[in-house]
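Residues per chain are reported as follows:
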Amino acid sequence: MSNIASEQNWRWWPLLPLYPYGRKRTIFCELVPDQVWSFEQLQGIYYVAVPVRLLVVRVQKGLMIINPLPPTKELLRNIEILQKKIGPVKTIVLPTASGLEHKIGLPALARAFPDSKIWVCPGQWSFPFQLPFDWLGIPSKRTNILLADGFPHSDYCDWLSLGPIDIGLGRFQEISCFHKPSKSLIVTDALVGIEETPPALFNLDPTPLLFHSREKGSEDLIDTPIARRKGWLRLVLFASYLRPEKLEIPKIKEIFRNSFKKNLRNKRSHFGIYPFSWQKGWELSAKKIAGEKSPLIQIAPVIERLVFPRAKKTFVIWLNKVESLKGISFLISAHYCGKVRFTKKEVKDLKLKIENKTWASTGGDLGFLGWLDQKLLKIGVVPIDPLEKFSD
C-alpha cells in the first residue's frame, strides 16, 4: 500500500459498508477565511456517491469540529495544520440523532482528540439494540447532551433545534449551529444546496460519474466533461429520490446480455453489470433540483418525503428561527455544496417556495418515496402523528 493510500485508510468501514469502503480520500479547503474549514469525503452505494462534509470552525482560543467523519491520517494531518495555526480542538459536536455517516466516525475522532469535550444531539439511538455511549465507543465521562446540558461556545454560536420528529426506529433531530463570526448557518441534513457542476472531490476519482453516465453496461467508462456532468446529475436524482420517475430497472436477461464484455471484466466497471435504464426526460427532473448558475437551496426530497411528510409545520417553524438570525449570510451543509449565499432574502424565498408547493407529493419523481412512506405507515413502522410522542 502506498503512503497516500495508507493515509486514506479507514479500517472500521465494515461497520457502515459504504463506497468507497476502506479508502476515504479527503479534500481540505477553507470556506470562510480564517473561520470555517471543510473536509470532504465520498459516501454511497453502488457508485451512487455524494460528498459528505466535516466542518471545523474557529472558537475562542481553539477549534470546534461539527459533523464527524472517519478520521483518517490524511484528515488528521490537515486538522493538525489548523491546530498549529489557531489552537487545539476543544469541542466535537455530533448535531444529529440519526445521521449514521457522522455517528460512525465519532468514537475514533474522540480518541484522536482526548482533551476535547463531546457534545451530541439528544435522542441518540442504535439499532437493533439501544446501547450505552461507552459501548458505542463514545466516552460518556466527557460527553454532554445538547439542550439538556446547554450549548458549547454560546458566545460564538447560536444553536437551533429542528425536531424532534418520531421516525419509528428512533427520532430525527438536528441541532443547527449559527457561527456568528462567519455569519454561517451550519447544518447536517436540514438543507442542501445542489448545482449541476460535479464537485471537485470527483477529480480524485471520477469513476462513479462515468459509471452512471452510460446507457447500458456494455459501454466503456469514457472520461469527458459531458460524461462527468451527466453522471453527476443522475447521481443527484438517485440520492434525492432513490428511484426517480424516469428510471426503470431492465429485465435480468437484458442486464446480463450487456455484462462481461471485453474491457469491462473488472471491479471498476462492476463487470458491466448495470441494472439501470434512464428514460427520455430525466434531464428535466435534474434541472428541478440542481441549479445551473448557482446552487439551488432546498430541503432534500428524501428528507421532505420520508422524515417530514406530516410535519411541515415543524420545518417552517425552524425556518422562521433561521430568518431571525442577525447577520446570516451563508449556508454550509454537510452534503453537496459547501458555502452557499443564504441571507434573509434567500430564507424568505425558500419559505415562499415551500408555502406554494404541494408538500410531500406522491406524484412524479416523488412517487417511489411516497409509496415507501405509505407502506411504512401501513405496517406501523412510522407513526401517523410524528409529533405526538414529543408533545409534552
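Everything below is about the structure shown above.
About the thresholds
Residues numbered from 1 in each chain as written. Predicted model: local features only at pLDDT ≥ 70, side-chain atom pairs only at ≥ 80, totals over all residues. Heavy atoms only, no water. Core = buried A, V, L, I, M, F, W, Y, C linked by side-chain atoms within 4.5 Å. Buried < 20%, exposed > 50% of the residue type's maximum accessible area, 1.4 Å probe, protein only. Helix = DSSP H or I, 4+ residues; strand = E, 2+ residues; numbered from the N terminus. Contact = heavy atoms within 4.5 Å. Expected span 1.5 Å × (residues − 1). Pairing = 2+ DSSP bridges. Axes fitted to C-alpha atoms, helices over the stretch in contact; angles between N-to-C directions. Patch = residues over 30% accessible without salt bridge, like charges linked within 9 Å, V, L, I, M, F, W, Y side chains within 5 Å. Areas by Shrake-Rupley, 256 points an atom, 1.4 Å probe, with all protein chains shown as cover. Salt bridge = Lys/Arg side-chain N within 4 Å of Asp/Glu carboxyl O.

So, the nonpolar core
Of all hydrophobic cores here, the largest spans 66 residues; its most connected members are L185, W232, F308, F315, W318, V322 and F342. At eight residues, the largest contribution of residues to this core is made by helix α6 (residues 225-241). Apart from residues no more than four positions distant in its own chain, W318 is found in contact with L160, S161, L162, S176, L185, V187, A190 and L191. Membership of the second largest hydrophobic core comes to 22 residues, among which are V52, L75, V89 and L106.

Description of α6
Here α6 is 17 residues long and its end C-alpha atoms lie 25 Å apart, about the 24 Å a rise of 1.5 Å per residue gives. In terms of burial, α6 is largely enclosed, as twelve of its 17 residues are buried. Of the residues making up α6, those classed as buried are A227, R228, G231, W232, L233, R234, L235, V236, L237, F238, S240 and Y241.

Here we look at the sheet that holds strand β15 (residues 330-333)
Strand order in the open sheet formed by five strands is β8-β9-β10-β15-β16, with mixed pairing between adjacent strands. Looking at strand neighbours, the two that pair on one side only are β8 (157-166) and β16 (339-341), the edges of this open sheet. Going across the sheet, the axis of each strand differs from the next one's by a mean of 20°, ignoring polarity. As paired strands, β15 and β16 are joined by three bridges and run antiparallel to one another. From the neighbouring strand, F330 faces β16, where its bridge partner is R341. Each of β8, β9 (171-179) and β10 (184-187) touches helix α10 (residues 312-323); the most contacted strand, β8, lies at about 175° to it.

Things to note about a nonpolar patch on the surface
Residues F129, L131, W135 and L136 make up a contiguous nonpolar surface patch of roughly 470 Å² in combined accessible area. Relative to the assigned elements, F129 resides in the loop between β6 (117-120) and β7 (143-145). Given a relative accessible area of 60%, F129 falls into the exposed group.

Things to note about unusual backbone geometry
Geometrically, the link from Y19 to P20 is a cis peptide bond, its omega value of 5° lying close to zero. Tracing the backbone through its elements, the reader meets P20 in the loop between α1 (3-7) and β1 (27-32). Of note in the backbone geometry, F271 takes a positive phi value of approximately 55° without being a glycine. Examined against the element boundaries, F271 turns out to sit in the loop between α7 (252-257) and β13 (277-278). Look at F271 and you get partly exposed, because its relative accessible area is 34%. One non-glycine residue, Y336, adopts positive backbone phi at about 60°. Along the polypeptide, Y336 turns up in the loop between β15 and β16.

A look at the pattern of salt bridges
Per the counting criterion, the structure on display carries 15 salt bridges. Put simply, E196 and R229 hold a salt bridge, and the shortest N to O gap is 3.0 Å. Remark: R229 occurs in helix α6 and E196 occurs in the loop between β11 (192-194) and α5 (207-212); sequence separation between them is 33 residues. Assessed through its relative accessible area of 15%, E196 is described here as buried. Across the pair R305 and D373 runs a salt bridge whose closest N-O atoms are separated by 3.1 Å. One end of the pair, R305, is in helix α9 (residues 301-306); the other, D373, is in helix α12 (residues 367-378), and 68 residues separate them in sequence. Owing to a relative accessible area of 2%, D373 belongs among the buried residues under this scheme. A cluster of three or more residues bridged by salt bridges with shared partners is formed by D34, R58 and K85.

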